[in-house]
Amino acid sequence: MKKLILAAIIAVFAFTSNGQSNAEEVALMQSVYGMQKKDLIAKHMKIEAGKADLFWQMYDEYEIARKEIGLKRVKNIEQYAEKYENLTGTDADALVKASMEVQKSFISLWEKTYKKMAKSISPVTAAQFIQVEMFFENMVRQELSMDIPLIGEFDVKE
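Thresholds, definitions, all that
Residue numbers here run from 1 along each chain, matching the order of that chain's written sequence. Selection of residues for local features in this predicted model requires a pLDDT of at least 70, selection of side-chain atom pairs for listing and counting requires 80 or more, and totals for whole chains, interfaces and linings are taken over all residues. Hydrogens and water molecules were not included; the side-chain quantities draw on all heavy atoms of the structure. Only buried residues count toward a nonpolar core. Its members are Ala, Val, Leu, Ile, Met, Phe, Trp, Tyr and Cys residues joined through side-chain atoms within 4.5 Å. Residue burial is assigned from relative accessible area. The probe radius is 1.4 Å, only protein chains are included, and a residue is buried under 20% of its type maximum, exposed over 50%, and partly exposed in between. Numbering goes from the N terminus for both helices and strands, where a helix is a DSSP run of H or I of at least four residues and a strand is a run of E of at least two. Whether two residues touch is decided by their heavy atoms; if any such pair falls within 4.5 Å, the residues are in contact. Any Lys or Arg side-chain nitrogen located within 4 Å of an Asp or Glu carboxyl oxygen qualifies as a salt bridge. To get an axis, a line is fitted to the C-alpha atoms, and for a helix only the part in contact is used. The angle between two axes follows their N-to-C directions and goes from 0 to 180 degrees. When an angle is under 35 degrees it counts as roughly parallel; over 145 it counts as roughly antiparallel; between 65 and 115 it counts as roughly perpendicular; any other value is oblique. Handedness of a helix crossing follows the sense of rotation of the near helix relative to the far helix, less than a right angle counterclockwise being left-handed and clockwise being right-handed. Classification convention: Asp, Glu, Lys, Arg as charged; Ala, Val, Leu, Ile, Met, Phe, Trp, Tyr, Cys, Pro as nonpolar; all other residues, Gly among them, as polar.

### What about the nonpolar core?
Here's step 1: Within the largest apolar cluster, 22 residues are counted, with the highest numbers of intra-cluster contacts made by Ile41, Phe55, Tyr59, Met117 and Phe129.
Here's step 2: Elements with a contribution of two residues or more to this core: helix H4 (52–83), helix H5 (89–120) and helix H6 (123–147).
Here's step 3: It is H6 that contributes the most residues to this core, 7 residues altogether.
Here's step 4: Once residues within four sequence positions are removed from consideration, Ile41 is found in contact with Phe55, Trp56, Tyr59, Phe129, Val132, Glu133 and Phe136.
Here's step 5: Counting 5 residues, the second-largest nonpolar core is a separate cluster that includes Tyr80, Tyr84, Ala92 and Leu95.

What follows is the structure, encoded as C-alpha cells:
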C-alpha cells in the first residue's frame, strides 16, 4: 500500500504540473517510480487470467472518460485563475457549479464502471478497481485544494 500511496503522490504531482504533457507525466512517473499508472493498477489488482483482456479493455474505456472529466476540471481551474483578481458573484456561482458537475461526473463514471465491471468480471474486482481510482482522485483533489487559494483571501465584487 505504501508503494501505491507513493505512486499516487507522484501522479498528483504530474497531474497538477500545468506545463507537462501526458508523455512528460508518464516519463516523470516512470523515472521516479519506474512504472505507469496502468502498471500500478496491474500490480494492485487480482484479475483472473481469463478476465484480464476484458478488464484492460474496460480500464482503457474508463481512462478515456476519466481524462475527459479531468480536462473539464483543468478548464474550470484555469477560469478561476483568470477571474481570481476580479471575481464576481456570477463568476463564483458558475465556477462552483462547474466544480460540482465535475464531481458528479466522476461519481457517475465510477457507478457506470462498477456496474459494468461487476457484471462482466466480478463485484470484488470492480470494487477493488473503484477503490483504487477513488484513492487516486482523492489524492488529486487534496493536492489541488492545497494549491488553489481560497476565495476569502481577496475582496469579492458583488
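### Let's talk about the environment of Leu71
Here's step 1: Tracing the backbone through its elements, the reader meets Leu71 in helix H4.
Here's step 2: Accessibility expressed as a relative area gives 59% for Leu71, which makes it exposed.
Here's step 3: In this structure, the C-alpha to C-alpha distance between Leu71 and Val102, residues 31 residues apart in sequence, is 9.6 Å.

### Section: the pattern of salt bridges
If charged atoms from side chains of opposite charge come close, those side chains can pair.
Here's step 1: Scanning the model with the defined rule gives 7 salt bridges in all.
Here's step 2: Close ionic contact of Glu61 with Lys116 constitutes a salt bridge, the shortest N to O distance being 2.7 Å. Of this pair, Glu61 sits in helix H4 while Lys116 is found in helix H5, placing the two residues 55 residues apart along the sequence.
Here's step 3: A relative accessible area of 35% means that Glu61 is categorised as partly exposed.
Here's step 4: The salt bridge involving Glu101 is made with Lys104; its shortest N-O contact spans 3.4 Å. Taken together, the residues Glu101 and Lys104, both in helix H5 and 3 residues apart, mark about one turn of the helix.
Here's step 5: Glu101 sits in the partly exposed class, given a relative accessible area of 43%.

### Considerations on the packing of helix H3 (residues 37–44) against H6
Each packed pair of helices is defined by two parameters, the angle between the axes and the distance between the axes.
Here's step 1: Closest axis-to-axis distance for the H3/H6 pair is 11 Å, and the angle between their directions is 135 degrees. Our classification of the angle between H3 and H6 gives oblique. Crossing hand, H3 versus H6: right-handed. Where H3 approaches H6, its residues Lys37, Ile41 and His44 are matched on the opposing element by Gln128, Phe129, Val132, Glu133 and Phe136.
Here's step 2: Among the residues forming the contact of H3 with H6, the class breakdown is 4 nonpolar, 2 polar and 2 charged.

### Considerations on the side chain of Asn76
Here's step 1: Relative to the helices and strands, Asn76 is located in helix H4.
Here's step 2: What Asn76 contacts, discounting residues up to four positions off in sequence, is Leu95, Ala98 and Ser99.

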